[in-house]
Amino acid sequence: MKRSTDRILTTHTGSLPLPELVRRGLAAKRHGETYDQAAHNAALTSGIGAVVRQQIEVGVDIVDDGELSKTSWNDYVVHRVGGLERMARSRAHGAAPWSVARGIVRPRETGLARSDIEGAPRHFRTDIAEFHDLARSQSDAHDNGGMAYVCAGPLNWRDFAAVETDIARLAAAAATEHPHEVFMSALSPGCFARFFRNEYYSDEETYLQAVADVMRREYQMIVAAGFVLQLDCPDLASGANTDYADLSVKQFRKVIEQHIECLNYALKTIPPEQVRIHICWGNYEGPHHRDIALSDVIDIVLKANVTGITIESANPRHGHEWKIWQEMKLPDGKILFPGVIDDTTYFIEHPELVAERIVRFAKLVGKENVIACTDCGLRHLLDASLAFAKLYALAEGARLASRELWN
Amino acid sequence: MKQSTERILTTHVGSLARSDSLTPLLRLREEGQPYDRDELARVVRESVAQVVRKQVETGIDIITDGEQGKSGFFSYIIERFNGFERKPAAPGTVRPRAAGREYLSFPEYYAWSERIAEPFGGRSGGRGHSVDTCTGPVSYRGHEAVQADIANLKAATKGLTHEDVFIPAIASSYVAATFANEYYRTQEEYEQAISNAMREEYKAIVDAGFILQIDDPRLVTYYMMHPELSVTDCRKWAAERVDAINDSIRGIPPEKIRFHTCYSIDVGPRIHEMDLKDIVDLMLKINAGAYSFEAANPRHEHEYHVFEQVKLPAGKILIPGVISHTTNLVEHPELVAERIVRFAKLVGRENVIAGADCGFAASALRFNDTHPSVAWLKFSALAEGARLATRELWR
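Just so you know, these numbers come straight off a predicted model, no measurement behind them.

A.B. asks: Teacher, can you tell me more about the interface of chain A and chain B here?
C.D. replies: A common way to state how big an interface is: give the accessible area lost once the parts meet. The interface is formed by 28 residues belonging to chain A together with 28 residues belonging to chain B. Broken down by element, the residue count for the side of chain A that touches chain B peaks at three residues, all from helix H14 (residues 351-365) of chain A. Considered class by class, the residues forming the side of chain A that touches chain B number 11 nonpolar, 10 polar and seven charged.

In structure tokens form, the structure reads like this:
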């Protein structure tokens, strides 16, 4: 994994706005409708070439394919992994949110009545639930037309070729465009288990292990291609006010301890310096006042056997958490990827603000241990011009910060 | 005007969401339809009482009526002037903002932004279909209206703990720059006439013992709205407006006045805005005791650095925005505290009052980006952040 040795490097967390043709294909795929696969594939190949070029043009150093081939960062696996079964959400989740269904009964102090939680849809968010009309006005990007998936049989790869195709497309684009470095994101085992309830394996531990054993193949393949592997782990933070909303902080910590163990098990054959994990509190413009504090989970996050850690740090709910590095030491060898661009707002950050945010982290953990990143994915931004304008502000801010830090 | 002598005081910019019972009545009045005046007066009175109580409960020290009786921070004024006539907009007229740098740079974004706001009243309220035009001598006729504002606020604040009360009023220069003049020979005469009329509202507010807040977004948005002009051109224009504002408040003690400016566009890329460094010296020439401006959003948060170079004149107070009206994310109190402390360290803790970037419902009838109930959570975060900052600054 490249480091900021002589200047602050830049990257983002993965998803970028979709070209229109690709968007329509993915929508059809998600709803199980037919679409012109050949045209879709052609649009993907040219789209990924373009998106790699655009990232380089605006000054992103560590680039990816914008996750263009994926319906979303998490449910892309349902089209690739066997053993998951599509069913009506009400059946998949019963009358209670997942963590209640899993037999954990003591409600966390959320200020919500149990009746607010029971019967809530998947991705129920405690902060938004307090404002019912706000909840209505926010579209749920994860909505699969009222459908959800559960694990109903042995997990295995149904379409590993899809992974290979992703890698081949990105490798081809990189061979032409020569980025500084390439990354590719994949779903972490903890998030896999969080999103797809187990109805097949004897217990949660066996399930997590099975998930890790299957997903490892994707992880290895990405790393073998010479890419940095990014494992998306919002379960470590956003899980606290969604699927695990009824857990106490202590109980939640136990769950994510288990997820980290599973992550390390999945990565056992992979060099840590080829891996970064992404932590966030959910990519949506809600109040977020129920978010768990980074200080409540960071010690567990740091147990991940990986070099890079990307953490949401730019938005108004988490913009102050750089301060935890005043008390806490970033373990040797690790690289911090703080979010310095807030993807929940259409503002284009002023480059001087971006620089200020970078410099704060650099002064605390060392400039060579900081890579400037976005809070979360940019796919939901209205159009590519805004996403790339924000990435340009990121690069410009990194230049200003580099000037200050290497003067 | 109270100062943060022992702790960081809190305030906001003025407007707060109108209730579901109030909005339809305000709409009828705004559209010139018949409505029940007594009913409107009653609902406004109750609404003011409610928002005042909530401000006190959430920990706001310098409070206001939430502009409950006004349909907008600016559109209210036309009801209070003689000399104006509402004319249908000429066919093909675009809103001035649409001819500005931002809309020209991001046409697709702003078209989408207008579109999504449409079902909720749009971003321009009822205006756009008609233009208020000066067709006769301008004079003030809002005496009764402003006295009602004052009486409602006096009744609502009675017995409730607070540090100060303020009432916003639009800058006369803003009115002159926005409404077309077909009557006065020169723009100077027109501006002077509005200034003289507007003074009556200003004086009424101050005479009632309240702090007068002069709202003038145009001072900084002129640059964004005039792509053909340079920063230097806009500074020249702004310097004249500062003189006009000072003329309109002549004789009123500065410590009775606070000045607010902002960038009009709520959410957007906003890359074409006048930098604070290019306007701060002019703003500080306004004869006010305090200055409220945007400092809590990703385009302006870094501008506290301006006060590393600019010395705040003695006796002046800054009211930087430390919470934003443009996002539903509730600022973390520790971030709020950090923002306050940054300013306090540069200009002195006693010269900082924690504020908001802009109003949470600048227009009663149009779409606002922050959900009304989230705004109250933000006020709590503001108060909590001020407490944290106070602990750090007075230890």
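A.B. asks: In this structure, what is going on with the packing of helix H10 (residues 204-224) of chain A against helix H11 (residues 249-266) of chain A? I would like to understand it.
C.D. replies: All names here are of chain A. Here H10 crosses H11 at 40 degrees, and the two axes come no closer than 8 Å. The orientation of H10 relative to H11 falls into the category oblique. For the pair H10 and H11, the sense of crossing is right-handed. Contacts from Leu 208, Gln 209, Ala 212, Met 215, Arg 216 and Tyr 219 of H10 reach H11 at Gln 258, Cys 262, Tyr 265 and Ala 266. Classifying every residue of the contact of H10 with H11 by side-chain character gives seven nonpolar, two polar and one charged.

A.B. asks: Is there a simple way to think about the pairing of strand E11 (residues 353-356) of chain B in this case?
C.D. replies: Strand residues, when the strand is regular, have side chains that alternate between the two faces of the sheet. Residues and elements named next belong to chain B. Of the two faces of E11, the one lined by Ile 353 and Gly 355 and the one lined by Ala 354 and Ala 356 are each fully buried. With two bridges connecting them, strand E1 (residues 9-10) and E11 associate as parallel partners. Looking at E11, one finds that Leu 9 is bridged to Ile 353. By the bridge criterion, two bridges tie strand E10 (residues 317-323) to E11 in an arrangement that is parallel. Bridging from a neighbouring strand, Ile 323 pairs with Ala 356 of E11. Regarding topology, helix H12 (residues 333-347) serves as the crossover connection from E10 to the parallel E11, and that connection is right-handed.

A.B. asks: I keep staring at the confidence of the model for chain A and nothing clicks. Help me out?
C.D. replies: For residues with low pLDDT, the predicted coordinates do not support detailed interpretation. All names here are of chain A. Mean pLDDT over chain A works out to 88, with 86% of the residues at or above the 70 mark. In this model, residues 93-123 is a region of pLDDT below 50 whose contacts with residues beyond four sequence positions or in other chains number 49 contacts. Below pLDDT 50 for its whole length, residues 134-145 participates in 18 contacts with residues either more than four positions away or in separate chains.

A.B. asks: For this particular structure, what's the right way to read the sheet that holds strand E3 (residues 81-88) of chain B?
C.D. replies: Strands in a sheet are paired, the pairing made by backbone hydrogen bonds, and the direction either parallel or antiparallel. All names here are of chain B. The mixed open sheet is built from three strands, whose spatial order is E3-E4-E6. Two strands bound the open sheet, and with one partner strand each, they are E3 and strand E6 (180-181). In this structure, strand E4 (residues 130-140) lies alongside E6, joined through two bridges in parallel fashion. By the bridge assignment for E6, Thr 133 is matched with Ala 180. The strands that helix H7 (residues 187-207) touches are E3, E4 and E6; relative to E4, the one it contacts most, it runs at about 75 degrees.

A.B. asks: In this structure, what is going on with helix H4 (residues 107-117) of chain B? I would like to understand it.
C.D. replies: The α-helix advances 3.6 residues per turn, and as a result positions three or four apart in sequence lie on the same side. For H4(B), the full list of buried residues reads B:Tyr109, B:Tyr110 and B:Ser113. In an axial view of H4(B), the angular spread of the buried residues amounts to 90 degrees, which keeps them on one side of the axis. The exposed set on the far side of H4(B), more than 90 degrees from its buried face, consists of B:Pro107, B:Glu108, B:Ala111 and B:Arg115. On its buried face, H4(B) sits against helix H15 (384-405) of chain A together with helix H3 (101-105) of chain B.

A.B. asks: Quick question: what am I supposed to make of unusual backbone geometry here?
C.D. replies: What you tend to see is this: most non-glycine residues have negative phi, and most peptide bonds are trans. Although it is not a glycine, A:His178 adopts a positive phi angle of roughly 55 degrees. Structurally, A:His178 is set in the loop between helix H8 (160-177) and strand E5 (181-187). Positive phi values are uncommon outside glycine, yet B:Glu67 reaches one of about 55 degrees. By the element assignment, B:Glu67 lies in the loop between strand E2 (62-63) and E3. Residue B:Glu67 is classed as buried on the basis of its C-beta count, with 25 C-beta atoms lying within 10 Å.

A.B. asks: Which parts of the structure should I look at to understand H14(A)?
C.D. replies: Residue and element names in this part refer to chain A. With 15 residues, H14 should reach 21 Å at 1.5 Å per residue; the first-to-last C-alpha distance of 21 Å fits that figure. Burial in H14 covers these residues: Pro 351, Leu 353, Val 354, Ala 355, Arg 357, Ile 358, Phe 361 and Ala 362. For H14, the secondary structure elements touched by its buried residues are helix H13 (324-327), strand E10 (335-341), strand E11 (371-374) and H15. The first or second residue beyond H14 is Gly 366, which carries a positive phi of 100 degrees.

A.B. asks: I tried to follow the nonpolar core on my own but got confused; where do I start?
C.D. replies: As a rule of thumb, nonpolar side chains are buried together in soluble globular proteins. Core analysis: the biggest nonpolar cluster contains 118 residues, and A:Phe192, A:Val211, A:Leu229, A:Ile358 and A:Leu394 have the highest contact counts within it. The element contributing the most residues to this core is H15(A), with 11 residues. Setting aside chain neighbours within four positions, we find A:Ile358 in contact with A:Ile8, A:Val340, A:Val370, A:Ala372, A:Gly397, A:Ala398 and A:Ala401. By size, the runner-up hydrophobic cluster in this structure holds 111 residues, among which are B:Ala177, B:Met198, B:Ala296 and B:Ala361.

Conventions we followed
Residues numbered from 1 in each chain as written. Chains lettered and ligands numbered in written order. Predicted model: local features only at pLDDT ≥ 70, side-chain atom pairs only at ≥ 80, totals over all residues. Contact = placed C-beta atoms within 7 Å. Helix = DSSP H or I, 4+ residues; strand = E, 2+ residues; numbered from the N terminus. Nonpolar A, V, L, I, M, F, W, Y, C, P; charged D, E, K, R; others polar. Axes fitted to C-alpha atoms, helices over the stretch in contact; angles between N-to-C directions. Parallel < 35°, antiparallel > 145°, perpendicular 65-115°, else oblique. Left-handed = near helix turned anticlockwise from the far one by under 90°. Buried ≥ 20, exposed ≤ 12 C-beta atoms within 10 Å, placed from the backbone. Pairing = 2+ DSSP bridges. Right-handed = clockwise from strand over helix to strand, strands pointing away. pLDDT = per-residue confidence, 0-100. Arc of directions from axis to C-beta. Expected span 1.5 Å × (residues − 1). Core = buried A, V, L, I, M, F, W, Y, C linked by C-beta atoms within 7 Å.

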